[in-house]
Amino acid sequence: MNKILITGGAGFIGFNLAKKLADDPINEIHICDDLSKVKYDDEFNVFLKNHPSVKYFKYDLTDNTIYENLSGDYNQIYHLAAVVGVKYADENPDQVIRINALSTINLLEWAKNIKSVKILFASSCENYTGSLNQNIISIPTPEEIPLTIDNIKVPRYSYAVSKILGELAMINYSRIYGFVTSIVRYHNVYGPRMGFVHVIPEFSFRLLRKENPFKIFGSEQTRTFCYVDDAVNATIGVMESDKTNLEVVNIGDDKYEIVIKNLAEKLFDIANYYPEIEEMPSPLGSVNRRCPTISKLRKLVGHSSKVNLDEGLLKTYNWYKEFVKKYGYPI
């Protein structure tokens, strides 16, 4: 039996990861999530009901007293729990720093004596933002580059700093206490059930509302997007490969870099709605281009993406369309 803990397992990537891992009967899965950013929804309820090998614990990982209730014999820990989202970081940088830092340090203090465990830490492409803004790294961006903060006063960087701290903590606790760790940096993962404030669901909701004119902030910026199923398969591959031990690995897509304005136009075609575009300034702290090098992921894991952007956008838009029919628009 492979015993797995997923922190943040009710969230977007975490939930999709749990579903994939639950397909293998050898896995016993424990999900730990405080549901602060994700409601206990029908899909999650049904998943738990249909998978008796999956146990759910509603815990706040910043509370160091809860860990005594967790098992001490996990083989794998996926640490995905974090406060994410540019909007939240702009408005609540103190909570982003507090929650992300404490949950990681508390987890490590508890797990440091589980010698047989491998811990995968979910980091972010936001770590590259300062260096990209200073033009000191290349695009596509490899993992082995300087990580800098170009303006310490920008609240958005609270998230990147918390993730850089998490990476340092994972590497050094692993070195000192002897467990194995790998770090993944996600790049613009998208798909159904990813929340309401990221660019693709936000565009989808605004199209469903028939917004006109359609405002696009940073319309000439470019991104590459990775569908959640591909991200999950890559994440499992990193966890299960010995070649990724003590490695930092980009997870994303490097095949199709798209201008944000063109991304909106693809969704216009899917929605069959063509509003007037109003181009707006880029958000403070955002980068003009983002595209990862994923040669390390290919080399160490043998991963390749299966879902192209057009297919993924259609699946995602249709999911949010059905969400609106069932629940209405989020407040």
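It should be noted that the structure appears before, not after, this text.
Position numbers for residues start from 1 in each chain and track the written sequence from start to end. Two thresholds apply to this predicted model, a pLDDT of at least 70 for residue-level local features and 80 or more for giving and counting side-chain atom pairs, whereas whole-chain, interface and lining totals are computed over all residues. Note that the side-chain values use all heavy atoms of the structure and ignore hydrogens as well as water.

Q: Could you clarify how one ought to interpret the side chain of Lys3 in this entry?
A: Runs of H or I in DSSP of at least four residues are treated as helices and runs of E of at least two as strands, each being numbered from the N terminus. Tracing the sequence through the fold places Lys3 in strand E1 (residues 2-7). Accessibility expressed as a relative area gives 15% for Lys3, which makes it buried. Polar contact is defined as a pair of N or O atoms within 3.5 Å, subject to the rule that within protein one atom must be able to donate a hydrogen and the other to accept it, and that residues adjacent in sequence are counted only when both atoms are side-chain atoms. Among the polar contacts listed, one links the side chain of Lys3 to the side chain of Asp73, at a separation of 3.0 Å. Any two residues whose heavy atoms approach within 4.5 Å are treated as being in contact. Aside from chain neighbours lying at most four places away, what touches Lys3 is Glu28, His30, Ser71, Asp73, Tyr74, Asn75 and Gln76. Here the term buried applies to any residue with accessible area under 20% of the maximum for its type, exposed to any over 50%, and partly exposed to those in between, with areas from a 1.4 Å probe on protein chains only.

Q: Can you help me understand the pattern of salt bridges in this one?
A: It is possible for side chains of opposite charge to pair when their charged atoms get near one another. Here, a salt bridge means any Lys or Arg side-chain nitrogen found within 4 Å of an Asp or Glu carboxyl oxygen. Counted according to the given criterion, the structure contains 18 salt bridges. Close ionic contact of Glu211 with Arg206 constitutes a salt bridge, the shortest N to O distance being 2.9 Å. With relative accessibility at 24%, the residue Glu211 sits in the partly exposed group.

Q: How should I be thinking about the nonpolar core in this particular structure?
A: Note that soluble globular proteins tend to have their nonpolar side chains buried in a common cluster. Buried Ala, Val, Leu, Ile, Met, Phe, Trp, Tyr and Cys residues form a nonpolar core when they are joined through side-chain atoms within 4.5 Å. Counting residues in hydrophobic clusters, the biggest one holds 62 residues, and the most contacted among them are Phe47 and Tyr78. In this structure Tyr78 touches Ile4, Leu5, Ile6, Thr7, Leu17, Leu21, Leu120, Thr235, Ile236 and Met239, once residues within four positions along its chain are discounted. Judged by nonpolar contacts, the second largest core, of 25 residues, contains Tyr74, Ile114, Phe121 and Val248.

Q: Help me understand helix H7 (residues 199-208), please; the structure alone is not making it clear to me.
A: Since the α-helix turns once every 3.6 residues, residues separated by three or four places project in the same direction. Where burial is concerned, most of H7 is hidden: eight out of the 10 residues are buried. Looking only at H7, the buried set comprises Ile200, Pro201, Phe203, Ser204, Phe205, Arg206, Leu207 and Leu208. Structurally, H7 contributes buried residues whose contacts are with strand E7 (189-190), strand E8 (214-217), helix H9 (260-271) and helix H11 (309-327). Of the residues one or two after H7, Lys210 is the one with positive phi, at around 65°.

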